[in-house]
Amino acid sequence: MILVTGATGAVGREVAGQLAAAGPVRILARRPERLTVRGGEVEVVEGEYGDRPALDRALRDVTSVFLVTNSPTEPDDERVAAAAAAAGVRHLVKLSMMAVEEPGADDFITRRQRENEQAVRESGVPWTFVRPRTFMSNTRSWAPGIRSAGAVRALYGDAPVACVDPRDVAAAAVAVLTGTGHEGRAYAVSGPEAITAREQTAELSRLLGRPLRFEELGVDAARTALLAKYPRPVAEAFLESAERQRVGAKAAVVPTVRELTGRPARPFRIWAADHADAFAVDFRRSAGE
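Okay, so let's go over this structure. Within any chain, residue numbers begin from 1 and follow the written order of that chain's sequence. Note on the predicted model: pLDDT of at least 70 is required for a residue's local features to be given, and 80 or more for side-chain atom pairs to be given and counted; whole-chain, interface and lining totals, by contrast, use all residues. Heavy atoms throughout the structure, all of them, feed into the side-chain values; hydrogens and water do not.

1. Considering the side chain of K250
Within the fold, K250 resides in the loop between α9 (232-246) and α10 (256-261). Residue burial is assigned from relative accessible area. The probe radius is 1.4 Å, only protein chains are included, and a residue is buried under 20% of its type maximum, exposed over 50%, and partly exposed in between. Positive residues here are Lys and Arg, negative ones are Asp and Glu, while His and the chain termini are left out of the count. A carboxyl oxygen of Asp or Glu within 4 Å of a side-chain nitrogen of Lys or Arg is what we treat as a salt bridge. In this structure K250 is buried but unpaired, with D107 as the nearest side chain of opposite charge at 7.1 Å. Of the polar contacts made by the side chain of K250, one reaches the side chain of S241; its length is 2.2 Å. Ignoring any residue separated from it by four or fewer positions in sequence, one finds K250 in contact with R133, T134, P160, V161, A162, S241, R244 and Q245. Here a strand is any run of E in DSSP of at least two residues, a helix any run of H or I of at least four, and the numbering for each starts at the N terminus. Here a polar contact is taken to be a pair of N or O atoms separated by no more than 3.5 Å, where protein atoms must pair a possible hydrogen donor with a possible acceptor and residues adjacent in sequence count only if both atoms sit in side chains. The contact criterion used is simple: two residues touch if any of their non-hydrogen atoms lie within 4.5 Å.

2. A look at the nonpolar core
In plain words, nonpolar cores are sets of buried Ala, Val, Leu, Ile, Met, Phe, Trp, Tyr and Cys residues tied together by side-chain atoms within 4.5 Å. Judged by nonpolar contacts, the single largest core of 33 residues is most densely connected at V4, V11, V15, L19, F66 and V169. The element best represented in this core is helix α6 (residues 166-178), accounting for eight residues. With sequence-adjacent residues up to four places away left out, V15 is seen in contact with V4, F66, A170, A173, V174 and L177. The next biggest cluster of nonpolar side chains, apart from the first, holds 20 residues, and it includes Y49, A58, V65 and V89.

3. Some remarks on a positive patch on the surface
A residue counts toward a patch only above 30% relative accessible area and without a salt bridge, and it is joined to like-charged neighbours within 9 Å or, for Val, Leu, Ile, Met, Phe, Trp and Tyr, to nonpolar neighbours within 5 Å. Each accessible area is a Shrake-Rupley result for a 1.4 Å probe, and residues are judged covered by the shown protein chains and nothing else. To locate a charge, take NZ of a lysine, CZ of an arginine, CG of an aspartate or CD of a glutamate. A grouping of R13, R30, R34 and R140 is seen on the molecular surface, where their side chains present a positively charged patch. Among the residues examined, R30 registers a relative accessible area of 47% and is labelled partly exposed.

4. Digging into the environment of P126
Inspection of the secondary structure puts P126 in the loop between α4 (108-123) and β6 (127-132). Residue P126 is classed as partly exposed on the basis of its relative accessible area of 35%. C-alpha of P126 to C-alpha of M1: the two residues are 125 residues apart in sequence and 16 Å apart in space. Those residues in contact with P126, other than ones at most four positions away along the chain, are V89, R90, H91, L92 and E183.

5. Things to note about the sheet that holds strand β1 (residues 2-4)
With parallel pairing, seven strands are arranged side by side in an open sheet as β3-β2-β1-β4-β5-β6-β8. If you trace the sheet from one side to the other, it starts and ends with β3 (42-46) and β8 (185-189), each paired once. For this sheet, the mean inter-axis angle between neighbouring strands, taken without regard to orientation, is 20 degrees. For strand β4 (residues 64-68) and strand β5 (residues 91-95), the ladder comprises five bridges, and the chain directions are parallel. Between any two strands, at least two bridges found by DSSP are needed for them to pair. Lines fitted to the C-alpha atoms define the axes, with helices restricted to the stretch that makes contact. Angles between their N-to-C directions range from 0 to 180 degrees.

6. What about the pattern of salt bridges?
This structure, assessed with the given rule, holds 25 salt bridges. In this structure, D56 and R52 form a salt bridge, with 2.8 Å as the shortest nitrogen-oxygen distance. On the criterion of helical spacing, the pair formed by D56 and R52 is a turn pair, its members being four residues apart in helix α2 (residues 52-59). R52 sits in the partly exposed class, given a relative accessible area of 37%. For E102, the salt bridge goes to R133, with nearest N and O atoms at 2.5 Å. With E102 in the loop between β5 and α4 and R133 in the loop between β6 and α5 (143-149), this residue pair connects regions lying 31 residues apart in the sequence.

7. Overview of the environment of S71
One can find S71 in the loop between β4 and α3 (76-87). By relative accessible area, S71 is classed as buried at 13%. A sequence separation of 22 residues divides S71 from Y49, and the C-alpha atoms of the two residues are 10.0 Å apart. At 3.4 Å, the side chain of S71 and the backbone nitrogen of E74 are in polar contact.

Here's what the structure looks like:
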């Protein structure tokens, strides 16, 4: 049995769905009503990382775990790793981030993920780290501005990033969870190309059949917007990450998706085409119907 955490998120949802299509899977969820995994043999245990009895129930008879960090400020990974060790889990696959292996990355979130990886190592459970670059799905945050004003507002429009489709990250994780010989390894996962926010805006414009403009935010405006949504350490971490992207630190492409899955990673144009409805205007709603 494989246990999947974070199954309401972009990658965990895909991991759970891909595993369920092939066999039984168990999901630990704080809010089971938000799960969208359908089909296959899916067992759901309601609970959170801080609830050790729920963790123990979820880990019973489990051989492998897919671990998604829930909070950058709580010791989530340490709790899950300790419970997994006590339950006799044989493989823990942790979703991390590519920045942890980059010396120039020292923001709050990256430091926490390094600490989380270390907690997993120290648990004694055989581990594998899947370290993706920025998710293509992060561009969903642009949808309100696109729908209301035909505009994308973001930092550093000409900064390239080898962003990755969450479906490809999930496929890589599933290959690790269901394959052999991956213990003690860390896999960096990127998309097949480095692309800028201006180029992504142009692609969305083409798909939607309407003009879109890119409006570059200044750092102060971006900070204000981030602080409205996140605690200050997290907001500042996003700004530091954007600065690293501006100087080219996130442009490297790696072939991991092909190596683990046997097929190439999807480019942004494919992800955008598959999710264009998220950015489209609902004309009936805008007309008051």
